[in-house]
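In case you want the letters, here they are:
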Amino acid sequence: MMTQRPPERASQIECLYTERYRSFYRLALSVTGDSEAARDAVQEGFARALGRRGEFRADGSLEGWVYRIVLRCALDSRRGVSRSENGLPEQIDVAWMPEFPYPDRDPELTDAMRALPRRQRTMVFMRYFADLPLATIAELCGTRLGTVSATLAQAKATLAARLAPTIERTERETHR
Amino acid sequence: MTIDMDRVLLERFAAQDDLGGAPDFADVRRRARRHQHRRLGVPRLGRWNFAPRRRLVVVLLACATSLAAAGAAASLALHWRISALHWGSNAPRHTVIVSTPTAPVTIPALPAEYGDAATRMSVFDSSTPAATLPTAMQAFAPHWLDHGAPYGQLELSRARLLTSQRGWQVYGIPTTHGLVCWAVTNGSSTGGQCLAHLPADAPAHPSVSQDSATAPVIVAGIAADGVKSIDATTNHGTLCSAVVENNGFLCIAAPATKAPGATGLSAITADSVTGFRIWLRNGDELRIEP
């Protein structure tokens, strides 16, 4: 067989879009920092995935494959690289130093995130901002599930130490 | 105090969200179609499920779409539009008047290398005899080109009868720019398109047409060397199979057909066709879905 485009794969991609749109959007937003560019990256990424779905190889999940494409589109957008429809990303550098789109809303957390090592920071964004499942993070980062869990645990410990005074003060005030 | 960092992070990250970006999958589909057109340089799937007069409009618009899709890198701009269709009593059945526009439409032209579809069809080698075009084709053929589109000129001396069946014929004519213009006709109804490329991942260009709901469904098109046959498929199975002859193919499905798995006769229309299977001579299979 040269190329197959099972009709059900188009439906799967549409379902993924419908069910996980916010997650894709947030992931792209963490890369571009701009809502319009993020939306465009998601639309473009899904369009590319839909058109090239016959090239999806089932050695990973369809979800991970589409996330990778959207991520590539967002990275291209941020770098000002003109997009090409040719070629789908087999592997991408996922440690892209994500940033909060609205750092002024939480300067303390922004500073704490910026202090994290790049890989930890990327995974925290994927997990808590884009709401990616751990397995998908592992797939995108090309690592094992256990490594993702361990990395996130380290990141949370670092963030907890840094944010603890504020969090404790806030919680005390809430319970008073 | 034990801090639930999962909860804290979820809450504080949520504050970074915005309301931008409402989902719109129709836009995704449109973009995917544009990408496909750009890659293939062809209309995705031609359907002529229109009355003959409207069909010509569709054909010409499809040609314009094809040009626009293929011409992203071109510098040449083309100004034309279809102004009216004329059907005088003494006029040939298919006559289209294309005039200089009052409000020009800019359509990107083909890239410098133009098309290569003709080079992928050995039927245009000198060893195959040229065809004498019937009256319907003679009347129809100029309409592909007479509006000044940068298809090049029709090489009428290299016109070929590709295949025929039950009163229908498929003709192909290369152009000086390497495109192939093809049409299917039964003498009274004619429709066709010009095609720039027949790439390896889309080596055939099938179209479906039907004059009316009770008329047969005509599946016809052109194919590159190496394509053995084309199946038109519906949700119920294969509607018809066409063996490629001289780089052309044609199959005619009756309007009422017992679909595979169905208990009775079903009305078959052009819209029943959901895709195509392209069988290559090396045994590989390629699918085209609308």
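The coordinates are above.
Within each chain, residue numbers correspond to sequence positions counted from 1 in written order. Both sets of labels track the order of writing: A upward for chains, 1 upward for ligands. Confidence filtering applies because this is a predicted model: local features only for residues at pLDDT of at least 70, side-chain atom pairs given and counted only at 80 or more, and all residues used for totals across whole chains, interfaces and linings. With hydrogens and water stripped out, all remaining heavy atoms of the structure feed into the side-chain values.

Visitor: Looking at this model, I keep getting lost on the state of the cysteines. Mind explaining?
Guide: Throughout this description, disulfide means a covalent bond between two cysteine sulfur atoms. All names here are of chain B. Disulfides are defined as pairs of cysteine sulfur atoms found within 2.5 Å of each other. All chains considered together, the criterion is met by one disulfide over all chains. Disulfide pairing places Cys240 opposite Cys251 at an S-S distance of 2.0 Å. Within this pair, whereas Cys240 is found in strand E13 (residues 237–243), its partner Cys251 is found in strand E14 (residues 248–253), the two being separated by 11 residues in sequence. Owing to a relative accessible area of 4%, Cys251 belongs among the buried residues under this scheme. We count a stretch as a helix when DSSP gives it H or I for four or more residues in a row; a strand needs E for two or more, and each element gets its number in order from the N terminus. Using a 1.4 Å probe on the protein chains alone, a residue whose accessible area is under 20% of its type maximum counts as buried, one over 50% counts as exposed, and one in between counts as partly exposed.

Visitor: What am I meant to see in the sheet that holds strand E12 (residues 227–234) of chain B here?
Guide: Sheet strands associate in pairs through backbone hydrogen bonding, adopting either a parallel or an antiparallel arrangement. Residue and element names in this part refer to chain B. Pairing between strands is defined by DSSP: at least two bridges between the two strands are required. Pairing is antiparallel across the open sheet formed by four strands, whose spatial order is E13-E12-E17-E18. Strands with a single pairing partner mark the edges of an open sheet, and in this sheet they are E13 and strand E18 (285–288). Within the sheet, the average angular offset between the axes of one strand and its neighbour, ignoring direction, is 20 degrees. Of the pairings in the sheet, the one linking E12 to strand E17 (residues 275–280) comprises six bridges and is antiparallel in character. Paired with Ser229 across the two strands is Trp279, which belongs to E17. Lines are fitted to the C-alpha atoms to define the axes, a helix being fitted only along its stretch in contact, and any angle between axes, read from their N-to-C directions, falls within 0 to 180 degrees.

Visitor: Even after reading the chapter, I still don't get the sheet that holds strand E7 (residues 168–174) of chain B, so can you show me in this structure?
Guide: Residue and element names in this part refer to chain B. One open sheet accounts for four strands, arranged E6-E7-E8-E9; its pairing is antiparallel. The open sheet has two edge strands, strand E6 (160–165) and strand E9 (190–195), and neither has a second partner. Neighbouring strand axes in the sheet, compared pairwise and without regard to direction, differ in orientation by 15 degrees on average. Judged from the six bridges that link them, E7 and strand E8 (residues 180–185) form a sheet pairing that is antiparallel. Each bridged residue has a counterpart across the sheet, and for Val170 the counterpart in E8 is Val184.

Visitor: Looking at this model, I keep getting lost on the nonpolar core. Mind explaining?
Guide: Soluble, globular proteins show a tendency: their nonpolar side chains are buried together. As used here, the term nonpolar core means buried Ala, Val, Leu, Ile, Met, Phe, Trp, Tyr and Cys residues forming a set that is joined through side-chain atoms within 4.5 Å. Within the largest apolar cluster, 60 residues are counted, with the highest numbers of intra-cluster contacts made by Val42, Phe46, Val66, Met113, Val124 and Leu159 of chain A together with Phe13 of chain B. Of the residues forming this core, the biggest block, 11 residues, is contributed by helix H1 (residues 7–32) of chain A. What makes two residues a contact is simply this: any of their non-hydrogen atoms within 4.5 Å. If we skip the residues at most four places from it in the chain, Val42 of chain A touches Tyr17, Tyr21, Phe24, Tyr25, Ala28 and Val70 of chain A. One finds Ala223, Cys240, Leu280 and Ile288 of chain B within the second-largest nonpolar core, a separate group that totals 21 residues.

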